[in-house]
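Now for the letters of each chain:
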Amino acid sequence: MISIDELSIFAKKKGFVYPSTEIYGGMQGFFDYGPFGVELKNNIKSSWWKSFVQDRDDVHGLDGSLISSGKIWEASGHLANFADLLAECSKCGKNQRADHLVEDRLKIHADGLDAAALNKLIKENKIACQFCKGEFKEINSFNLMFPLQIGAEKTKESTAYLRGETAQMIFVNFKAVADSSRVKVPFGIAQIGKAFRNEISPRNFLFRTREFEQMELEFFTRKDEKCPFLDDSHLGQEFLFYSEEAQDQSKEHEQVSIKTMLEKKLLNEWHAYWLSFSFKWFLKLGIRQENLRVRQHLKKELSHYSSATFDIEYNFPFGWKEIHGNANRGQFDLTQHAKYSGKSMELFDEDTKEKLIPFVIEPSFGVDRAFLAVLYDAYSMRKDESGNEVVVLKFAPKVAPTKVAFFPLVNKLESKAREIYALFKEDFLSTFDRSGSIGRRYARADELGIPYCVTIDFETLEDGAVTVRDRDTMKQERVKIDSLKSYLQKNL
Ligand code: ATP
């Protein structure tokens with residue numbers, strides 16, 4: 001099993017992800033996506049946008065601003081509550097997240113423990129600073145919002161914030177979308193975009209960063225409304241489930257279906273539907289089901305806005321960790337914004353002829369965590385045709401950054417090969433490689449997860465066919481150039 005640090009080295013070497021600002025010594029918690037990374041990331045985002053917005057009639061898109069008024073974050077509760085607990089060393093001054101410190105040292109689950117409980121654990125277990133062996137100060141709360149000043153004048157009003165989640169831009173635009181798009185409850189508003197959190201200790205490569213991207217849907221329903229889309233394909237969706245009860249009793253996760261969760265009244269119908277829909281989307285990205293599980297939030301760890309949350313977790317080398325949160329936010333955000341702005345957030349319900357403030361289900365995804373899970377899940381080792389150990393990224397074709405690689409067998413065939421490459425380049429994101437042996441070129445393509453390699457040889461000049469090699473089976477077959485497009489379309 002590759003460690004997350006080894007994966008980050010591989011990702012840098014192959015042009016997926018670079019540490020940001022590296023030539024000036026780097027900045028912890030920030031990353032830049034390289035040529036292959038940006039394609040992979042775009043493919044993940046397009047797949048999400050298509051599934052959650054474009055393929056549906058009931059979800060509308062939005063792209064809100066990154067910098068937003070402090071009033072939004074006051075109303076949403078982020079300025080008061082969006083904080084982590086900070087453990088600061090009294091000797092060297094280094095600080096880290098107190099719950100992570102306790103988790104790392106005591107190997108227990110510390111999510112949701114308050115300052116008093118963490119202080120007690122640190123004292124009782126004599127946990128000292130790992131850098132200088134100093135004692136920790138009393139734990140403090142640290143707000144994760146990034147403030148900034150707008151314009152030259154320094155006033156309370158001129159303090160704005162980089163958004164801590166994309167969701168709030170949806171809530172503050174809720175009435176504007178409802179009024180301009182003739183929507184009817186139930187409906188949703190979705191957004192993909194950057195979010196910023198001043199994390200105390202960013203770590204585990206892309207998993208915890210200070211600037212990241214989210215894909216969020218806020219779905220507005222009537223209270224406990226039935227969901228018409230909850231058919232057998234959703235009800236029968238099974239997954240590993242780590243219930244609150246199992247966590248409390250230190251038991252293992254177990255296989256359950258959405259139907260069982262509904263029967264146990266762990267969530268309502270729309271919540272069940274969106275949890276199942278979100279889980280299926282990760283499967284569509286090609287992530288292996290056994291590496292995914294659903295974890296119910298413990299009551300004590302629920303966010304200030306949520307009455308029930310289920311995370312989808314991925315089995316990373318550093319443990320099962322959240323890559324998606326699916327929360328029942330109820331009326332919290334809309335009523336808060338109505339209260340703080342003085343503007344009504346009510347809609348007129350044509351069916352009941354009454355005004356209503358909808359109830360919200362929120363499937364929330366981190367692009368970078370989805371990227372990390374896809375990359376880690378695809379990473380594998382095998383012996384190539386020459387018996388050498390090589391890395392193969394087994395990306396599902398739809399997310400693979402490059403779909404096809406074209407090779408001339410020898411340099412003499414380059415112009416013919418380029419002619420053929422030009423015919424396909426527009427339809428399939430392709431690359432051309434003329435250097436080294438064919439075996440070496442296959443290995444390079446495998447390391448980038450390119451699903452198909454097409455070799456142009458001397459026979460091509462005679463029979464108008466090329467050799468197509470499949471990344472996963474390593475099988476080769478002759479395909480006529482005339483039918484190569486339909487062959488690739490079918491397989492990709
Ligand atoms: P965590 O408990 O890991 O800090 P969270 O519960 O605060 O995460 P949410 O507020 O539910 O996260 O955010 C929704 C999604 O945004 C997460 O599921 C995750 O994919 C992504 N996300 C949140 N924080 C970060 C971060 N610091 N770096 C990268 N992605 C993040």
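Computed from a predicted structure; not experimentally measured.

1. Quick notes on the overall build of the protein chain
Part 1 of the reasoning: Within the protein chain, the regular secondary structure consists of 18 helices and 26 strands.
Part 2 of the reasoning: What you see for the protein chain is a C-alpha radius of gyration of 25 Å, in line with the 23 Å of a compact globule of 492 residues.
Part 3 of the reasoning: Overall, the C-alpha framework of the protein chain stretches about 75 × 65 × 55 Å when taken along its three principal axes.
Part 4 of the reasoning: The burial tally for the protein chain puts 37% of its 492 residues in the buried class.
Part 5 of the reasoning: A sequence separation of at least 24 residues applies to 64% of the contacts in the protein chain between residues at least 6 apart.

2. A look at the site of the ligand
Part 1 of the reasoning: Taken together, 16 residues are adjacent to the ligand, and Phe 212, Gly 325, Ser 364, Gly 366 and Arg 369 come closest.
Part 2 of the reasoning: When residues of the shell around the ligand are traced back to their parent elements, those giving at least two are strand S11 (211-221), strand S16 (319-330), strand S19 (359-366) and helix H14 (367-378).
Part 3 of the reasoning: Counting residues per element, the shell around the ligand draws most heavily on S16, which supplies four residues.
Part 4 of the reasoning: Split into classes, the residues belonging to the shell around the ligand amount to three nonpolar, six polar and seven charged.

3. Digging into the sheet that holds strand S8 (residues 146-149)
Part 1 of the reasoning: Reading across the sheet, the three strands line up as S4-S9-S8 and stay open at both edges, with antiparallel pairing between neighbours. Two strands bound the open sheet, and with one partner strand each, they are strand S4 (67-69) and S8. Neighbour-to-neighbour, the strand axes of the sheet open up by a mean angle of 45 degrees, direction not taken into account.
Part 2 of the reasoning: Pairing of S8 with strand S9 (residues 159-162) involves four bridges; the strand directions are antiparallel. Within S9, the residue paired with Leu 148 across the bridge is Ala 160.

4. So, the domain arrangement of the protein chain
Part 1 of the reasoning: What the domain assignment reports for the protein chain is domain 1 (4-68 + 159-375) and domain 2 (402-491).
Part 2 of the reasoning: Here domain 1 and domain 2 have C-alpha centroids that lie 38 Å from each other.

5. Concerning H14
Part 1 of the reasoning: For H14, built from 12 residues, the straight-helix expectation of 16 Å at 1.5 Å per residue is met to within 8% by its first-to-last C-alpha distance of 16 Å.
Part 2 of the reasoning: Along H14, the positions that sit buried rather than exposed are Val 367, Asp 368, Arg 369, Ala 370, Phe 371, Leu 372, Ala 373, Val 374, Leu 375, Tyr 376, Asp 377 and Ala 378.

6. Details of the sheet that holds strand S7 (residues 140-143)
Part 1 of the reasoning: Read from one edge of the open sheet, three strands run S6-S5-S7, paired in antiparallel fashion. Edge positions in the open sheet fall to strand S6 (95-97) and S7, since each of these has one partner strand only. Taken over all neighbouring pairs, the strand axes of this sheet differ in orientation by 45 degrees on average, direction set aside.
Part 2 of the reasoning: Bridge count for strand S5 (residues 83-88) against S6 is three bridges, and the pairing is antiparallel. Residue pairing in the sheet places Leu 86 in a bridge with Arg 97 of S6.
Part 3 of the reasoning: Each of S5 and S6 touches helix H5 (residues 98-106); the most contacted strand, S6, lies at about 80 degrees to it.

7. Thoughts on unusual backbone geometry
Keep in mind that most residues, glycine aside, have a negative phi and that most peptide bonds are trans.
Part 1 of the reasoning: With an omega of 5 degrees, the peptide bond between Val 185 and Pro 186 qualifies as cis.
Part 2 of the reasoning: The topology assignment puts Pro 186 in the loop between helix H8 (174-180) and strand S10 (187-196).
Part 3 of the reasoning: Although it is not a glycine, Asn 204 adopts a positive phi angle of roughly 60 degrees.
Part 4 of the reasoning: By the element assignment, Asn 204 lies in the loop between S10 and S11.
Part 5 of the reasoning: If you check the backbone angles, Lys 265 has positive phi at about 60 degrees while not being a glycine.

8. Here we look at the environment of Lys 156
Part 1 of the reasoning: Assignment of secondary structure puts Lys 156 in the loop between S8 and S9.
Part 2 of the reasoning: With 131 residues separating them in the primary sequence, Lys 156 and Ile 287 have C-alpha atoms 46 Å apart.

9. With respect to the packing of H5 against helix H6 (residues 115-124)
A pair of packed helices is captured by two measures, namely the crossing angle of their axes and the spacing between those axes.
Part 1 of the reasoning: Where H5 contacts H6, the axes come no closer than 10 Å and their chain directions differ by 40 degrees. Comparing the axis directions of H5 and H6 gives the class oblique. Remark: the crossing between H5 and H6 carries left-handed chirality. Taking contact as the criterion, the partners of Ala 98, Asp 99, Val 102 and Leu 106 in H5 are, on H6, Leu 118, Leu 121 and Ile 122.

10. Considering the nonpolar core
Part 1 of the reasoning: Grouped together as the largest cluster of nonpolar side chains are 100 residues, with contacts concentrated most on Ile 44, Ala 370, Phe 371, Val 374 and Leu 375.
Part 2 of the reasoning: Within the second largest apolar cluster, 12 residues are counted, among which are Ala 87, Leu 101, Val 102 and Ala 110.

11. What about the environment of Arg 182?
Part 1 of the reasoning: Here Arg 182 lies in the loop between H8 and S10.
Part 2 of the reasoning: Residue class for Arg 182 comes out exposed when judged on the 6 C-beta atoms lying within 10 Å of it.
Part 3 of the reasoning: Separated by 148 residues in the primary sequence, Arg 182 and Gly 34 place their C-alpha atoms 41 Å from one another.

12. Section: helix H15 (residues 414-425)
Part 1 of the reasoning: Between its first and last C-alpha, H15 extends 16 Å over 12 residues, near the 16 Å set by a 1.5 Å rise per residue.
Part 2 of the reasoning: Among all positions of H15, only Ala 417, Ile 420 and Tyr 421 are buried. Angularly, the buried residues of H15 cover 105 degrees about the axis, an arc narrow enough to put them on a single face. Turned more than 90 degrees away from the buried face of H15 sit Ser 415, Glu 419 and Ala 422, all of them exposed.
Part 3 of the reasoning: Tucked into the core, H15 has its buried residues touching strand S22 (404-408), strand S23 (430-432), strand S24 (452-456), strand S25 (465-470) and helix H18 (481-491).

13. A look at the environment of Glu 211
Part 1 of the reasoning: Following the sequence through the fold, Glu 211 ends up in strand S11.
Part 2 of the reasoning: Exposure remark for Glu 211: the 18 C-beta atoms within 10 Å place this residue in the partly exposed category.
Part 3 of the reasoning: Expressed as a C-alpha distance, the spacing of Glu 211 and Lys 194, which sit 17 residues apart in the sequence, is 6.9 Å.
Part 4 of the reasoning: Among residues more than four places away in sequence, those in contact with Glu 211 are Phe 30, Lys 194 and Phe 196.

The rules behind each value
- Residues numbered from 1 in each chain as written.
- Predicted model: local features only at pLDDT ≥ 70, side-chain atom pairs only at ≥ 80, totals over all residues.
- Helix = DSSP H or I, 4+ residues; strand = E, 2+ residues; numbered from the N terminus.
- Rg over C-alpha atoms; globule rule 2.2 N^0.38 Å.
- Buried ≥ 20, exposed ≤ 12 C-beta atoms within 10 Å, placed from the backbone.
- Contact = placed C-beta atoms within 7 Å.
- Near = placed C-beta within 6 Å.
- Nonpolar A, V, L, I, M, F, W, Y, C, P; charged D, E, K, R; others polar.
- Pairing = 2+ DSSP bridges.
- Axes fitted to C-alpha atoms, helices over the stretch in contact; angles between N-to-C directions.
- Domains from an automatic or database assignment.
- Expected span 1.5 Å × (residues − 1).
- Parallel < 35°, antiparallel > 145°, perpendicular 65-115°, else oblique.
- Left-handed = near helix turned anticlockwise from the far one by under 90°.
- Core = buried A, V, L, I, M, F, W, Y, C linked by C-beta atoms within 7 Å.
- Arc of directions from axis to C-beta.

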